[in-house]
Amino acid sequence: RSGGFGLRALRAVSLVPPMHGWLAGDGGLVMLTADRGASWQSPPGEPPRAVAAHFDFAALAVRGPKCWVAGTPGTRVLHTADAGRTWQVYATGQSLPIRALAMADDAHGWAVGDLGTILATADGGQTWQRQRAGGTRAALLGLFGEPEDVPWELVGRLGGNEGYLCAVEAIGRRDVETA
């Protein structure tokens, strides 16, 4: 698999001076370059297909020969410590998509994702702790003709008790529009 990427979407690229780089994308795509991107190859030991094939990767963190990869769903972070020869798969404890990874050193790093999710690791990605989450479930959008049509009890239960991020729009507001 060198050269073109077919129909898969490329989501993340990380270049490591002076010549090396990694890229990641949809369908578990992970590739690396040793010539400043003139050509791309699969890693010597591809990530486990049983895991990678179910992910659309969108996030990379690279430190020398070490690389961390994550995406959608955000349930796992894949890691190689030896430039792609071998891979480990670590659970994150959450399913929201991960959009970016950053490693301050080989042990400490962060993953950020949908709904304000921030995860942290202090052991190179083996375990992840949630530092922040703006919600625990996908958003609920309600569109209503009049404000009195809004089922506030339902919105309160789903938003307050069950963790959905909620938005309500009353289209026909007589208090701000003329008849």
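Residues numbered from 1 in each chain as written. Predicted model: local features only at pLDDT ≥ 70, side-chain atom pairs only at ≥ 80, totals over all residues. Heavy atoms only, no water.

With that settled, consider the confidence of the model for the protein chain. Taken over all residues, the pLDDT of the protein chain has a mean of 85, while the share at 70 or more is 86%. Per-residue pLDDT, averaged within each element of the protein chain, yields its smallest value for strand E1 (residues 10-16) (70) and its largest for strand E10 (residues 118-121) (97). (pLDDT = per-residue confidence, 0-100. Helix = DSSP H or I, 4+ residues; strand = E, 2+ residues; numbered from the N terminus.)

Within soluble globular proteins, side chains that are nonpolar tend to cluster in buried spots. Membership of the largest hydrophobic core comes to 14 residues, with the highest contact counts inside it found for Trp22, Val30, Phe57, Leu60, Cys67, Val69 and Trp87. Going through the elements one at a time, strand E2 (20-25), strand E3 (29-33), strand E4 (56-63) and strand E5 (66-72) are the ones with two or more residues in this core. Non-local contacts of Phe57, meaning those with residues more than four positions away in its chain, are made with Arg11, Ala24, Gly25, Asp26, Gly28, Leu29, Val30, Ala52, Val69, Ala70, Gly71 and Leu78. (Core = buried A, V, L, I, M, F, W, Y, C linked by side-chain atoms within 4.5 Å. Buried < 20%, exposed > 50% of the residue type's maximum accessible area, 1.4 Å probe, protein only. Contact = heavy atoms within 4.5 Å.)

In a beta sheet, neighbouring strands are held together by backbone hydrogen bonds and run either parallel or antiparallel to one another. Reading across the sheet, the 4 strands line up as E8-E9-E10-E11 and stay open at both edges, with antiparallel pairing between neighbours. Unpaired on one side and paired on the other, strand E8 (98-103) and strand E11 (129-132) mark the two borders of the sheet. Taken over all neighbouring pairs, the strand axes of this sheet differ in orientation by 25° on average, direction set aside. Here strand E9 (residues 109-113) pairs with E10 via 4 bridges, running antiparallel. Along E10, the bridge assignment pairs Gly109 with Thr121. (Pairing = 2+ DSSP bridges. Axes fitted to C-alpha atoms, helices over the stretch in contact; angles between N-to-C directions.)

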